[in-house]
Amino acid sequence: MNQNLKLVPVNKMLLLPLLFACLTFQMKASDDVAVWDTAYVDVQGYINNRSDSVKNSGRSFIGPGPVTVHFEATAPASMTYVVWQIGNDNSFNDVAAQFYEYRIDYTFDETGTYYARFLTANADNTEETTGEAYTIQITESELLIPNVITPNSPSGANQVFKVKYKSLKSFEMWVFNRWGNKLFHTTDPSEGWDGTYNGRLVPTGAYYYLVKAEGTDGISYRKKGDINVLLTRDHNNSSDTY
């Protein structure tokens, strides 16, 4: 194995591996030399309330976007030409981007199917390798919004007003009371409103949301509606409510 191979330790980062594979080729001196490549997604930075929509197997990945994939490879010093290619077709006739380095981070932020591969060659092109392609499929967008929350539910279920989503590249949400006062705002679709304002639970009643978002497939969302907040009677009469 090439001693220059560097991998991210598993105990420092949770990884969703696309592949860790090796291909070999013969040099003129009949020495076996390995070219390695790998690709992964940082789970902590990506998988958040959408793990049920992610599928990965071997060199393929299917999931919502945007997603940033880290590609990494190594090759013998004799291979002076190295390149990662990102293609729009599996024949790489339509190459969207090329990076002449061993390690890259590439963000796929539009719905569709993409391909990535690592190529090497020596100075006189007498030896070269072409790695097997990775397939990255970004799914269509989705935005689902609930209309009831129970912030003080004894079971702990349904306590937060939060959207369910896939493949959003922009997002903004507001929550208002009946007088139009803003109670909550976020630009992160994985965040939600816990039914409080200034640290206190709001009373049972109707509240209002406004959501603006754009999907990786170009769909624009603008949704508004009611949020029904349900509390126990004790909390409605408590000084814990604002």
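Look up: the structure comes first, before these words.
Procedures and definitions
Residues numbered from 1 in each chain as written. Predicted model: local features only at pLDDT ≥ 70, side-chain atom pairs only at ≥ 80, totals over all residues. Heavy atoms only, no water. Helix = DSSP H or I, 4+ residues; strand = E, 2+ residues; numbered from the N terminus. Buried < 20%, exposed > 50% of the residue type's maximum accessible area, 1.4 Å probe, protein only. Contact = heavy atoms within 4.5 Å. Areas by Shrake-Rupley, 256 points an atom, 1.4 Å probe, with all protein chains shown as cover. Pairing = 2+ DSSP bridges. Salt bridge = Lys/Arg side-chain N within 4 Å of Asp/Glu carboxyl O.

Caption draft 1: Broad picture of the overall build of the protein. From N to C terminus, the protein includes 2 helices and 20 strands. For the protein, the proportion of its 242 residues judged to be buried stands at 41%. The long-range share in the protein, meaning contacts at least 24 apart out of those at least 6 apart in sequence, stands at 62%. For the protein, the exposed area adds up to about 13,000 Å²; of that, 45% sits on carbon and sulfur atoms.

Caption draft 2: Up close: the environment of A39. Here A39 shows up in strand β2 (residues 32–42). Separated by 77 residues in the primary sequence, A39 and A116 have C-alpha atoms spaced 9.6 Å apart.

Caption draft 3: Expanded view of the environment of E132. Tracing the sequence through the fold places E132 in the loop between β10 (128–130) and β11 (134–138). Among the residues examined, E132 registers a relative accessible area of 54% and is labelled exposed. Residues E132 and Y115, spaced 17 residues apart in sequence, show a C-alpha to C-alpha distance of 9.9 Å. Setting aside residues no more than four positions away along its own chain, E132 makes contact with R59 and A116.

Caption draft 4: The sheet that holds strand β16 (residues 182–186), seen in detail. Overall, mixed pairing links the 5 strands, which are arranged β13-β20-β19-β15-β16 in an open sheet. One side of each edge strand has no neighbouring strand; the edge strands of this open sheet are β13 (148–149) and β16.

Caption draft 5: Highlighting the environment of V175. Checked against the element boundaries, V175 lands in strand β15 (residues 168–176). Taking C-alpha positions, V175 is 6.6 Å from L210, a pair spaced 35 residues apart along the chain. Not counting residues within four places of it along the chain, the set of residues in contact with V175 comprises F161, N181, K182, L183, F184, W193, Y208, Y209 and I227.

Caption draft 6: Main features of unusual backbone geometry. Residue P66 is bonded to the preceding G65 through a cis peptide linkage, with omega at -5°. Along the chain, P66 falls in the loop between β4 (60–63) and β5 (67–74). Phi angles above zero are rare outside glycine, and N158 is one such case at about 60°. The exposure class assigned to N158 is partly exposed, which follows from its relative accessible area of 40%.

Caption draft 7: Summary view of the pattern of salt bridges. Counted according to the given criterion, the structure contains 2 salt bridges. In this structure, the salt-bridge partner of R103 is E72, at a minimum N-O distance of 3.4 Å. Placement of R103 in strand β8 (residues 103–108) and of E72 in strand β5 is noted, with a sequence separation of 31 residues between them. Using a relative accessible area of 38% as the deciding quantity, one classes R103 as partly exposed. Under the relative-accessibility criterion, E72 is labelled buried at 6%. We note a salt bridge from K169 to E214, for which the minimum N-O separation is 4.0 Å. Within this pair, whereas K169 is found in strand β15, its partner E214 is found in strand β19 (residues 205–215), the two being separated by 45 residues in sequence.

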